[in-house]
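So the chains spell out like this:
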Amino acid sequence: MKKYCIDLKVNSVERLSEKHVLLRLSSPDGLPEMLPGQFVEVRVDDSPSTFLRRPISINNVDEEAGELWLLVATIGDGTRRLGRLCAGDTLNCLLPLGNGFTMPSSPSDKVLLVGGGVGVAPLLYFGRKIREMGGEPTFLLGARTGSELLELEMFRAVGRVLVTTEDGSLGEQGFVTNHSALQSEHFDFISTCGPKPMMVSVARYAKSHGIECEVSLENLMACGLGACLCCVENTVEGNVCVCKEGPVLNIRKLKWQL
Ligand SMILES: Cc1cc2nc3c(=O)[nH]c(=O)nc-3n(C[C@H](O)[C@H](O)[C@H](O)COP(=O)(O)OP(=O)(O)OC[C@H]3O[C@@H](n4cnc5c(N)ncnc54)[C@H](O)[C@@H]3O)c2cc1C
Ligand code: FES
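Computed from a predicted model, the values in this text were never measured in an experiment. For every chain, the first residue of its written sequence is number 1, and the numbers climb from 1 along that sequence. Labels are handed out in written order, letters beginning with A for the chains and numbers beginning with 1 for the ligands. Selection of residues for local features in this predicted model requires a pLDDT of at least 70, selection of side-chain atom pairs for listing and counting requires 80 or more, and totals for whole chains, interfaces and linings are taken over all residues. For side-chain calculations, the full set of non-hydrogen atoms in the structure is used, while hydrogens and water are omitted.

A.B. asks: What should I look at first to understand the side chain of Ser 216 in this one?
C.D. replies: In DSSP terms, a helix is any run of H or I states spanning at least four residues, a strand is any run of E spanning at least two, and both are numbered starting from the N terminus. With respect to the element layout, Ser 216 can be found in strand E13 (residues 212-216). Only protein chains enter the accessibility calculation, which uses a 1.4 Å probe; a residue whose area is less than 20% of its type maximum is buried, one above 50% is exposed, and one in between is partly exposed. For Ser 216, a relative accessible area of 4% gives the class buried. Contacts are assigned to residue pairs that have any heavy atoms within 4.5 Å of one another. Other than its neighbours up to four places away in sequence, Ser 216 contacts Phe 101, Thr 192, Cys 193, Met 199, Pro 247 and Val 248.

Here you go:
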């Protein structure tokens, strides 16, 4: 897919929690096609410590409003600067990057999308695309506490939502892999994004139940284009650049101990 380096206008910055913001961006020339699971490399201006672009998932593309949404956890210098953007500012983005999630082969496929923390970000757009093809995705979203569950209403508008929290303040108590639906229901396909231990647990569950599973890796990245090799993952097919061959990979390709 052709890649673009474009200045996007910040339409709004919505604070979703103490540490999360939702940026809505647009371009006067319109946005290029973007696939669920792909990501954007964002330039963070005016800081010597952030000369490398920061990779952020495509959270949603609102085609009607002509907006790209980025859901950002403000954890370090670069993302905190993104959180301080204001409506009217400009954000330079390289997009769309990487390979996205595999779409279900049929709308009747039972697809489970498992997200943890800010890893829920790429699942909203993916779920919307499944919905558009006539399917009904099930989201299984986990966080430490209820207040850290992001975009819940948006997920509910797209599909069925199951929730776990570590403190039990919302949904079932525990980790996503403890949710009772995993014992009582059958799924045809699982896609997941979140902290690595969570993705390993989900992948282990999928493998032991013979379910196809894709994970969206968040290896450290610099160029985002397959040139610097800093995002390499050692797979059964040898070393691959996650920014180019991923970030979404089938668990059959990974050397994780499952
Ligand atoms: C393909 C991809 C998609 C991503 N999508 C999102 C997203 O939608 N929303 C979002 O908020 N973040 C996302 N991330 C993570 C995000 O890129 C990092 O949080 C960001 O680069 C940190 O930059 P910083 O300058 O704020 O922090 P830094 O000062 O660079 O680092 C602060 C801390 O965060 C750690 N860190 C840095 N990069 C990562 C990373 N990739 N994964 C885990 N920890 C990291 C550092 O080791 C350090 O401990 C994604 C990463 C990848 C590779
Ligand atoms: S980030 Fe440079 S090769 Fe992947």
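Picking up where we left off.
A.B. asks: Help me understand unusual backbone geometry, please; the structure alone is not making it clear to me.
C.D. replies: Outside of glycine, negative phi angles account for most residues, and trans bonds account for most peptide bonds. Of the consecutive residues Leu 95 and Pro 96, the connecting peptide bond is found in the cis state with omega at -10°. Mapping Pro 96 onto the fold places it in strand E7 (residues 90-97). The phi angle at Glu 151 is positive, at roughly 55°, despite the residue not being glycine. Inspection of the secondary structure assignment puts Glu 151 in the loop between strand E9 (138-143) and helix H3 (152-158). Looking at Glu 151, the relative accessible area reads 7%, which means it is buried. Even without a glycine there, the phi angle at Leu 229 is positive, about 65°. Structurally, Leu 229 is set in the loop between E13 and strand E14 (232-235).

A.B. asks: Where do I start with the nonpolar core in this structure?
C.D. replies: In globular proteins that are soluble, nonpolar side chains generally tend to be buried together. The biggest cluster of nonpolar side chains holds 33 residues, and the ones touching the most others in it are Val 114, Ile 190, Val 215, Leu 217 and Trp 256. For this core, the elements supplying multiple residues, two or more each, are E7, strand E8 (111-116), helix H4 (181-184), helix H5 (196-208), E13, strand E15 (238-241) and helix H6 (242-245). Of all the elements, H5 adds the most residues to this core, at seven residues. In contact with Trp 256, other than residues within four places in its own chain, are Lys 196, Met 199, Val 200, Ala 203, Val 215, Leu 217 and Glu 233. Residues belong to a common nonpolar core when they are buried Ala, Val, Leu, Ile, Met, Phe, Trp, Tyr or Cys residues joined through side-chain atoms within 4.5 Å. Judged by nonpolar contacts, the second largest core, of 23 residues, contains Trp 69, Leu 113, Ala 143 and Leu 150.

A.B. asks: Would you explain the sheet that holds E8 in this entry?
C.D. replies: In any sheet, the strands associate via hydrogen bonds between backbone groups, in a parallel or an antiparallel arrangement. In this description, strands pair whenever DSSP reports at least two bridges between them. The seven strands lie next to each other as E11-E10-E9-E8-E12-E13-E16, forming an open sheet whose pairing is mixed. Whereas interior strands pair on both sides, the edge strands pair on one side only; in this sheet they are strand E11 (172-173) and strand E16 (248-250). Looking at chain direction, E9 and strand E10 (residues 160-165) are connected through six bridges and run parallel. Each bridged residue has a counterpart across the sheet, and for Ala 143 the counterpart in E10 is Thr 165. Its contacts with the sheet put helix H2 (residues 121-132) on E8, E9 and strand E12 (189-193), and the angle it makes with E8 is roughly 165°. Of the strands in this sheet, E8, E12 and E13 are in contact with H5, which crosses E12 at around 170°. Here an axis means a line fitted to C-alpha atoms, over the contact stretch when the element is a helix, while the angle between two N-to-C directions is reported on a 0 to 180 degree scale.

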